[in-house]
Every structure is written in structure tokens, then in C-alpha cells.
Amino acid sequence: MYDLIIVGAGLSGAHAAYVIKKKHKNMRILMIEGKSRVGGRTETVEKPSVLDPNKKTKWDLGGQWVGASQKNVMKLINELNVETYRQFTTGKKLLELNGQVSEYCKTVPSTSLFSKLDMENYITKLDEITEKISSVQPYSAENDVKDLDSKNLKDYLDSISYTPSVKGIFQSNIRGIAGLETEQVNGLFGLAYIRSSNGIESITGASEGAAQEKRMKGGAQQLTEKMIEFIRQQSTAGRDSEFKLMLNTQLVEIVQSEENEDEPVRVVTRSTLNNEMETFVARKVISSIPINQYVNVSFKPELPLYKRQVFKFCQIGNYTKFIVTYKTHFWRAKGYSGEMSSDGSVIHLSEDKFDAVYGKEKHKLSFNKRMPTIGAVVETFDCSTYDDEPAIVGFLAGNGSNEWGDLTMELRREEVIEGLVRYFGPEARNYVEYIEKNWAYEVSFFLKCFVIVMILLTISLKSNLILAVCWWMSKLEHHIEQRDEGLCESDTRAIHQCSPVRHRIGHRMDRLHGRRRRKWRTSGQRSLVRSLWRQVGH
């Protein structure tokens, strides 16, 4: 029997094990992971160096940015001796709206005097309403704000803006932030998201303290790898301090006794390689998988229906991330920073080219491809490494990722490159390598992207949630725009629930069913319920 089973070997699950092992070296821990690798939403790949064929360069296909305001993550980075460097931001930025590309140097773009006034009014109204919303308890807002729980974000944003350019800018921003269209995002969630991240500029920007401020030498996945290596070192050869990591292992069921709370928890798993079922027993269970994945997990006793509904209402956005490497920083030579934001108004793929590729398949009943209705690239950044390997990184997001994701990689690559030519010049065609990852096709599980978003009428449901089994929702806390910050904050606060000196370790299944609430409501446990809101996001 294990002392602790951790579900998920991403940054959150690894951090939970890392902190626990530092405090309790002799705990026996089993970590299960559905994929064939650790790291979750971080994934670093090695490619031959553009500048030196004898060397390898590491590129992040998942989350890659951190910021100084992410104090917990930066503390972890320092503990693990990971070096960081600033994101390149020097130069002009580009904005594509309604088929036109414009340049700007300030943080917030504008295309005309009227749109500038509209933008200022828009941001003022946005600041006023977000001041009324708590990122910790958004459902406790005033009634006029709480009504947004039954509306989508697009309805509200359209009501406070007048010019198409401002509407287009924020549609593009939300698409890049959430991987969804504004009409797919719960209005109250979206505004609380913005509030908790100190505004749109902080989420989308790369200035000091913003979400894209810094990158890690050697890639972001090394954080998880180094924590797991530390755990292995702490776990001696003795049986009493065993640590076991099982990859390609999917969580199927969690079973706990209703009569005796001291009975161990039983965890049933399935191998994603051969479908072999295994059962493990532990005193405690920590789950760090994305909240929408719980719809595929069986619980005994069964969860209340409204909790199942919340899990279903947590929609994961859609992202395809690409990196294009070059031999020179030609965009820098032209005075560009590499930052570009687009509303998707320009499509380079022609109907004739689409028919040439898929014409022979259109008569088949199984044919499900269609000509995209939105441009592919939503945003780009300079992705050059710390030792100046030239590259541009960008994203297909929301409907763009959905529509282009169904087509061939060759068509996507051609569309991306033609977009870069439009933004930065014909030199963009002289690329060395095109690398992409569509997160909708992540092996074993359809994670789609780094963001979980609430859709309509879910926040009021969430206000009644009582979570159990230690749910380590790995994404957000007070700082939603910092993708990794929340997991460290959540883990640090909740670790004491898994201390072996406590009578009750973690939250038990009866907590999930809402029983014995008065005894349950200690300050530490109550904060975990409040944290569910903060734990769903970027």
C-alpha cells in the first residue's frame, strides 16, 4: 500500500510530490500519467541547431513563458537552478484588422482617432466592472454583474465598444488567451479572468511583469523533469521510501468506503498500451488532471449530478502552436519585434488549391474537410533562444485551430508561412524548419490547450462545490495570466492536507458528496473550495 497516489505527472502533480518529499522523505508515492512523457502542458523537443549542425537546440511546443510577478514559479525555478532570459520585445509591433496590417509601438494598438477614443472608453468601462468582481468569489458580485453568468463574453464586450477595430482587437485577444471565441466564454468568468490578471495588457504582453516576460534556458519541461529527479534521489532503495512513476497509465476509477473513513482509497487504472487493468491502494490521493477529464472517471460513491455538470461545462480551448526557424533575424533588421496580432480576416489558401488537394475525396460519405473561414495565425512572437538561434513562434487558436487543424500539415504550413511573409516580408519563405503541435491530438487524451474556460451558467453551480480527494487543478490561482503560478500557490496551500501527522490526509470522498460540512470547514480546507474558481484557467 502506498502513502500517496498522485494522478498526473505534469507540472502540478510533480510539484505536489516535490513539496511532499521535501517534508516527508519516507513517504511511499505512486505517480500515474496517461501520456508517454511527463510535463503535461509543457513539452520541450530537441532539433539540430540552425547555426551549428553539431549542436542541438531545445524548443517549447507547450507553455514556455514565465514572469517576475509569478513569485512561486520563480522561487521554484531558482530552487531547481534553471536560468531565465528576457523575451525579445524591441521594435515595432503589427496588427492585422479587416484585411489591413498596421504598425504600432505602444502596448495597446489603435487604428484611428475614433478607435483610440473607443479603446480608452472600452478599457475604462472594463476596469470599472472588473473592480466589482472578486477573482476568488466571482459569484458573490453585485446582482448586475452576477447576471453575466447567463451571458457570453461577446455580448458584454460588444455592448461597451462601438468601432469594429476595437471589437476585432479584443476578439483576437480572447482567441489567443483562451483558445475560444468570445461567444463561447462565460461572461462572468471572462471578466473575473481579466480582473485576476491585472488586465488584458498583462495577459497578452511581454513587458516587465507580464505573462510573456521571460523564458527558460533549456525549455519549460525541465521543471517537471528536475522535480521528478529530485524525488527519485530522495527515495532511497528502502521499501519505506519508494517512489514509482507509471507512464501510459490512465485513471479509471476511485473507490472509497462510505462507512469507514479510515479505510484506504482504491485507485483503478488502465494501460493505454495494452488496456490492462490494475488496482492500487493508498491512504491518500491527489489528482492534478484537467478538470474536464473527470467526466471519464468513475467514482464510488458516485458524485452528485451538479458536480458532474460542472466538469462537463469546463470547456478546453483549441490551440496549435508552431515554431519556424531561420538563419537570420530578418524581422529585427527591419525594426520589428516579432509581435503580431491578427483578427483572422485574411486567408491565403484559395478555393482552387483546396479543391486540388481534396477534390477527389469530396464524394466520399466520410469526407469532413471544409474550406477555412478564418485566417490561420492569431498571434506571433520572436522565439529566438538565449544564444540567438533565430525563430518565430505563433498560434492558431479558437475556430482557426479547429478549421485548419482538420487540413493537412502541408496546407497549414503554407498558410502560416504566407502569413509571415505578409507580416514580416518575403524573407519569411526562406525558413529552415517548420515545427508544430496541435494540442487537440495530444496522445492518449484530448487536452487541446493550456486553458480551461467556464461556459454559461456554471459559476453559480461552482459556488456550491465541495471538492474532495485533493483536487490539484493545475492552472490558476490569484494570477490567472501566469499559467504555472497557480499550481504552485495551490500546492503550497494544500500540502498540509497530505501530511502524515494529520488524522485526515487530503479530502476524502465523503467531502466530495457534501457530508459533515461543519467539521470540514477548517480555514485550510475552505480555501481549497474557494480555489476551484481560481484553479480553472490559463
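A quick note: this is a predicted structure, and the numbers were derived from the prediction, not measured. (Residues numbered from 1 in each chain as written. Predicted model: local features only at pLDDT ≥ 70, side-chain atom pairs only at ≥ 80, totals over all residues. Heavy atoms only, no water.)

Draft legend 1. View of empty space enclosed by the protein. Tallied over the entire structure, the rule returns six cavities of 30 Å³ or more. By volume, the second largest cavity is sized at about 80 Å³. Looking at the second largest cavity, it is lined by eleven residues, and the ones nearest its centre are Ile174, Ile177, Ala178, Gly190 and Tyr193. At four residues, the largest contribution of residues to the lining of the second largest cavity is made by helix 7 (residues 187–196). In the lining of the second largest cavity, the residues fall into ten nonpolar, one polar and no charged. (1 Å grid on protein atoms, 1.4 Å probe; cavity = no way out; pocket = protein on both sides within 12 Å on 5 of 7 lines; lining within 4 Å. Points joined across faces, edges and corners; volume = space filled by probe spheres on them. Helix = DSSP H or I, 4+ residues; strand = E, 2+ residues; numbered from the N terminus. Nonpolar A, V, L, I, M, F, W, Y, C, P; charged D, E, K, R; others polar.)

Draft legend 2. Seen up close, the side chain of Thr380. Among the secondary structure elements, Thr380 is positioned in strand 18 (residues 379–382). By relative accessible area, Thr380 is classed as buried at 0%. Of note is the side chain of Thr380, whose polar atom sits 2.9 Å from the backbone oxygen of Gly338. If we ignore the near neighbours within four places in the chain, the residues touching Thr380 are Phe322, Gly338, Glu339, Met340, Ile392, Val393, Gly394, Leu420 and Phe424. (Buried < 20%, exposed > 50% of the residue type's maximum accessible area, 1.4 Å probe, protein only. Polar contact = N/O pair within 3.5 Å; in protein donor to acceptor, adjacent residues only side chain to side chain. Contact = heavy atoms within 4.5 Å.)

Draft legend 3. Highlighting the pairing of strand 17 (residues 336–342). Counting buried positions over the seven residues of strand 17 gives seven, a clear majority of the element. One ladder, built from four bridges, connects strand 7 (residues 92–97) with strand 17; its direction is parallel. Residue pairing for strand 17: Leu95 is matched across the bridge by Ser341. Sheet analysis places strand 17 next to strand 18, joined by two bridges and oriented antiparallel. Residue pairing for strand 18: Ser341 is matched across the bridge by Glu379. (Pairing = 2+ DSSP bridges.)

Draft legend 4. Quick look at helix 7. Among the ten residues that make up helix 7, nine are buried, leaving the element largely enclosed by the rest of the structure. Taken residue by residue, helix 7 has Gly187, Leu188, Phe189, Gly190, Leu191, Ala192, Tyr193, Ile194 and Ser196 as its buried positions. Capping the start of helix 7, Asn186 holds a side-chain oxygen 2.8 Å from the backbone nitrogen of Leu188, two or three residues further along. Note on helix 7: the residue one or two positions beyond its end, Asn198, has a positive phi of about 65°.

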